[in-house]
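Below, each chain spelled out in residue letters.
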Amino acid sequence: MSDAIDEYFEVALELVKSAGNLITEYTSGCKEYKLKSSDIDLVTEIDKKVEETLITGLSKKFPSHKFIGEESVAEGAKCVLTDEPTWIIDPVDGTLNFIHGYPSSCISLGLTINKEAVAGIIFNPIVNQLFTAKKGQGAFLNGKPIHVSQVKDMKNALVSFEVGTSRDEEKKKAVLENFKMIVDKTQGIRTVGSAALNMAMVALGGADAYFEFGIHAWDIAAGDIIVREAGGVCIDPAGGPFDILSRRVLCASSAELAQEMATVLHQYYPERD
Ligand code: IPD
């Protein structure tokens, strides 16, 4: 199995690196975009081109593999996760940043087998940060091993979270209550504008935890394995097991920190993927 994962990963890595060139053509922003599910859920032609490049390249090499891609789902494809090898793609995670020219967007590509993430690549080509992980082999930034921080409690934690792309009133209430709670109980708060990069920061040890309600499988598939391979944990924000289709994530440098946060987070349950 591990040899097969190595082979899949090498092919995917070359495709991701070359698709990164599509993004770096727009380092000062990409002003042409369309709306998707809300007036702050945006898509550009580059999102579509990156996704097409990855799906075409991977399906040519691995014709039996399945795909869940953000833009394919937006255009009507079903979001179905089976036990088959499945590539879960966010072609530009942090699309709003990409549009504005804020240099925090990335390609996020996860591979699941038996519904478990076994390989992940998060590539921010603008600042040349390549986060990678394969099951049982550790996590890396630009080829060098990375590890989560030693922080085990909220009072010493730097926590990131996101407002997200929905203007639902109940969701906004949860975001604002959690914002206040994090400001009161932790050392600091960050919002990077990309779920995948938030997870990469936890893997790197730069942030100690990240949570969000309303993300999708493509935002978190690669981050899940990268955080776990860096020694961290991914759980449901209420404290139960991580569920990639639940649209809820809490990852942290330790189980202790994750569980402490789960007890105080104001919960929100979006419709599942
Ligand atoms: C979004 C980003 C953002 C998060 C949203 C995601 P996209 O992904 O990760 O940080 O708050 O929930 O949808 O739309 O830029 O691929």
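Values in this document were obtained by computation on a predicted structure and should not be read as measured data. One numbering rule holds for all chains: residues counted from 1, following each sequence as written. Restriction of local features to residues with pLDDT of at least 70 applies here, the model being predicted, together with a cutoff of 80 or more for giving and counting side-chain atom pairs; totals for whole chains, interfaces and linings are based on all residues. The side-chain quantities take in all heavy atoms of the structure and omit both hydrogens and water.

(A) Structural detail: the site of the ligand. Looking at the ligand, there are 14 residues lining it, with D93, G94, T95, A195 and E212 nearest. A 3.5 Å cut-off defines polar contacts: any pair of N or O atoms within that distance qualifies, except that in protein one atom must be a possible hydrogen donor and the other a possible acceptor, and neighbouring residues in sequence count only when both atoms are side-chain atoms. Here an oxygen atom of the ligand sits 2.8 Å away from a polar atom, N or O, in the main chain of A195. Relative to its unbound accessible area of 370 Å², the ligand is 93% covered by the protein chains. Think of it this way: any DSSP run of H or I at least four residues long counts as a helix, any run of E at least two long counts as a strand, and we number them from the N terminus. Ranked by the residues each element gives to the shell around the ligand, the list is headed by strand β4 (residues 86-93), at 3 residues. Taken together, the residues that form the shell around the ligand break down as 3 nonpolar, 5 polar and 6 charged. Each of domain 1 (2-146) and domain 2 (154-264) accounts for three or more of the residues forming the shell around the ligand. Summary of the distance rule: residues count as near a molecule or strand when at least one heavy atom falls within 4 Å of that molecule or strand. With residues, only the protein chains shown are counted as cover, and all accessible areas are computed by Shrake-Rupley using a 1.4 Å probe. Classes in brief: Ala, Val, Leu, Ile, Met, Phe, Trp, Tyr, Cys and Pro nonpolar; Asp, Glu, Lys and Arg charged; the others, Gly included, polar. Marked domain ranges trace back to an automatic or database domain assignment.

(B) Quick look at the packing of aromatic side chains. Stacked, edge-to-face and tilted labels apply to pairs of Phe, Tyr and Trp rings (six-membered ring for Trp) whose centres lie within 6.5 Å, assigned for plane angles under 30 degrees, over 60, and everything in between, in that order. Tallying each qualifying case throughout the model produces 5 aromatic pairs. Aromatic side chains Y26 and F98 sit 5.9 Å apart centroid to centroid with 70° between the ring planes, which places their arrangement in the edge-to-face category. Taken as a pair, Y26 in the loop between α1 (2-24) and β1 (34-35) and F98 in helix α4 (residues 95-100) lie far apart in primary sequence, 72 residues in all. Site record: aromatic cluster; members linked through ring pairs are F161, F179, F211 and F213.

(C) Summary view of helix α2 (residues 45-61). Expected helix span is computed as 1.5 Å times (number of residues minus one). Counted at 1.5 Å a residue, the expected span for α2 with its 17 residues is 24 Å, and the 25 Å between its end C-alpha atoms agrees. Burial classes follow relative accessibility: with a 1.4 Å probe on protein chains only, a residue under 20% of its type's maximum area counts as buried, one over 50% as exposed, and anything between as partly exposed. Along α2, the residues classified as buried are I46, D47, V50, E51, L54, G57 and L58. Considered in projection along α2, the buried side chains sweep an arc of 140° and stay on one side of the axis. Set apart from the buried face of α2 by more than 90 degrees, the exposed residues are E52 and K60. Backbone nitrogen of I46 and a side-chain oxygen of the N-cap are separated by 3.1 Å at the start of α2; the cap is T44. Working note: the arc is built from the helix axis to C-beta atom directions.

(D) Molecular detail of the side chain of R248. Its location among the elements puts R248 in strand β14 (residues 248-252). By relative accessible area, R248 is classed as buried at 2%. Side-chain polar atoms of R248 contact the backbone oxygen of Y268, separated by 2.6 Å. Among residues more than four places away in sequence, those in contact with R248 are E212, F213, I215, D236, P237, A238, F242, D243, Q267, Y268, Y269 and P270. Between two residues, a contact is recorded if the distance between any of their heavy atoms is within 4.5 Å.

(E) Region of interest: the pairing of strand β12 (residues 209-213). Burial analysis of β12 places 5 of its 5 residues in the buried class, which makes it a mostly covered element. Burial of the side chains of β12 extends over both faces: A209, F211 and F213 are buried on one face and Y210 and E212 on the other. Between any two strands, at least two bridges found by DSSP are needed for them to pair. Relative to β12, strand β10 (residues 158-161) runs parallel, the two being bridged by 3 bridges. The residue bridging F161 from the neighbouring strand is F211, located in β12. In the sheet, β12 pairs with β14 via 5 bridges, with the strands oriented antiparallel. Directly across from A209, in β14, lies its bridge partner A252.

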